[in-house]
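# Coordinates in review
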Amino acid sequence: MNSLSELHLDALAEVFSIGAGRAALSLSEIVGDEVRISVPSVQLINSNDISSATLSLKSGRFGAVSQHFSGPFNAEAVLLFTEEQALKIVSDMMGSQISLEELAEFEHEAMCELGNIILNACLSAMADILNFTLESSLPSYRVASADDILARLKKNTNQPYIMILHIDLAIENQSTAGNLVFLLSSASLTNLVTHVDQFLGSTS
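Owing to the predicted nature of the structure, the values given are computational and were not obtained by experimental measurement.

Our focus in this paragraph is the pattern of salt bridges. If charged atoms from side chains of opposite charge come close, those side chains can pair. Within this structure, the stated rule accounts for four salt bridges. For the salt bridge of Arg22 with Asp128, the shortest nitrogen-to-oxygen distance reads 3.1 Å. Taken together, the positions of Arg22 in helix H1 (residues 6-31) and Asp128 in helix H3 (residues 100-130) put the pair 106 residues apart, joining distant regions of the chain. With a relative accessible area of 52%, Asp128 lands in the exposed category. Across the pair Lys88 and Glu84 runs a salt bridge whose closest N-O atoms are separated by 3.9 Å. One end of the pair, Lys88, and the other, Glu84, are both in helix H2 (residues 83-94), four residues apart, so they sit about a helical turn from each other. Given the relative accessible area of 45%, Lys88 is considered partly exposed. A relative accessible area of 56% means that Glu84 is categorised as exposed.

This is how it looks when you write it as structure tokens:
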């Protein structure tokens, strides 16, 4: 396994933090208030080692926005929040006092928009800084249990590595936490390591 060293992970955290800043600006325009998004840490694990503790998945249901990216490396990206957190985010994005029943009607569309903004901002920052081009599919959204999510992350044997970004998101002084998960093949991980090495070499 061409693993990511601590230096690689620190560099990626810095890159993704730039993307998170871009996403926060875009979301601020939508909600009409300050939005802060940070990426405090990045880790890489084998998909066989993924667990509820790794992703802080407790009991309950979770909203997952998925999007596929292709280029020098291919990845499936999944943005995860608890469903309760997802509804709070939707409420902030809608900017009005509406019931939970009404919120649920907008959940799919709003979470796809949120995911599209965050995922594309993070990936475009990485592409800009590491000097490559990525293309993306349209996002999809589903609500599932922690067990369902873990089973889905583990079952794709073509993408045995999982890169996890822990995300802190604050809208209107209300903070929430989520995870951005990238499913990577061995070849994609190798290509990612190569691009990060080139970036580190150019800045040393």
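Next comes the rest of the description.
Let us look at the layout of surface pockets. For the largest pocket, the calculated volume is near 230 Å³. Considering the residues around the largest pocket, the lining is formed by 16 residues, among which Leu55, Ser56, Ala177, Gly178 and Asn179 are closest to the centre. In terms of residue class, the lining of the largest pocket is made up of eight nonpolar, six polar and two charged.

Our focus in this paragraph is the packing of aromatic side chains. Across all of its chains, the model carries two aromatic pairs by this definition. Pairing Phe16 with Phe182 gives two aromatic rings, centres 5.7 Å apart and planes at 20°, and the pair type is stacked. Here Phe16, found in helix H1, pairs with Phe182, found in strand S7 (residues 174-184); they are 166 residues apart in sequence, far enough to count as distant. Summarising the burial analysis for this pair, Phe16 and Phe182 share the class buried. Ring geometry for Phe73 versus Phe132: centroids 5.6 Å apart, planes at 75°, classification edge-to-face. Of the two residues, Phe73 sits in the loop between strand S2 (61-70) and strand S3 (75-82) while Phe132 sits in the loop between H3 and strand S4 (135-136), which places them 59 residues apart along the sequence. Neither Phe73 nor Phe132 differs from the other in exposure class; each is buried.

Bringing empty space enclosed by the protein into the picture now. Applying the stated criterion to the full structure yields one cavity of 30 Å³ or more. The wall of the largest cavity is formed by Ala64, Val78, Arg142, Ile149, Arg152 and Leu153. In terms of residues, the lining of the largest cavity owes the most to one element, helix H4 (residues 146-155), which gives three residues. Looking at the lining of the largest cavity residue by residue, the class counts come to four nonpolar, no polar and two charged.

Here we come to helix H5 (residues 186-203). Between its terminal C-alpha atoms H5 stretches 26 Å, which fits the 26 Å expected from 18 residues at 1.5 Å a residue. Listed in full, the buried residues belonging to H5 are Ser188, Leu189, Leu192, Val193, His195, Val196, Phe199 and Leu200. Each buried residue of H5 sits inside an arc of 165° when the element is viewed along its axis, so together they form one side. Within H5, the exposed residues directed more than 90 degrees away from the buried face are Ala187 and Ser202.

A separate point is the side chain of Ser185. Topologically, Ser185 is positioned in the loop between S7 and H5. Excluding anything up to four places from it in sequence, Ser185 contacts Asn158, Gln159, Pro160 and Tyr161.

What counts and what doesn't
- Residues numbered from 1 in each chain as written.
- Predicted model: local features only at pLDDT ≥ 70, side-chain atom pairs only at ≥ 80, totals over all residues.
- Heavy atoms only, no water.
- Salt bridge = Lys/Arg side-chain N within 4 Å of Asp/Glu carboxyl O.
- Helix = DSSP H or I, 4+ residues; strand = E, 2+ residues; numbered from the N terminus.
- Buried < 20%, exposed > 50% of the residue type's maximum accessible area, 1.4 Å probe, protein only.
- 1 Å grid on protein atoms, 1.4 Å probe; cavity = no way out; pocket = protein on both sides within 12 Å on 5 of 7 lines; lining within 4 Å.
- Points joined across faces, edges and corners; volume = space filled by probe spheres on them.
- Nonpolar A, V, L, I, M, F, W, Y, C, P; charged D, E, K, R; others polar.
- Phe/Tyr/Trp six-rings, centres within 6.5 Å; stacked < 30°, edge-to-face > 60°.
- Expected span 1.5 Å × (residues − 1).
- Arc of directions from axis to C-beta.
- Contact = heavy atoms within 4.5 Å.

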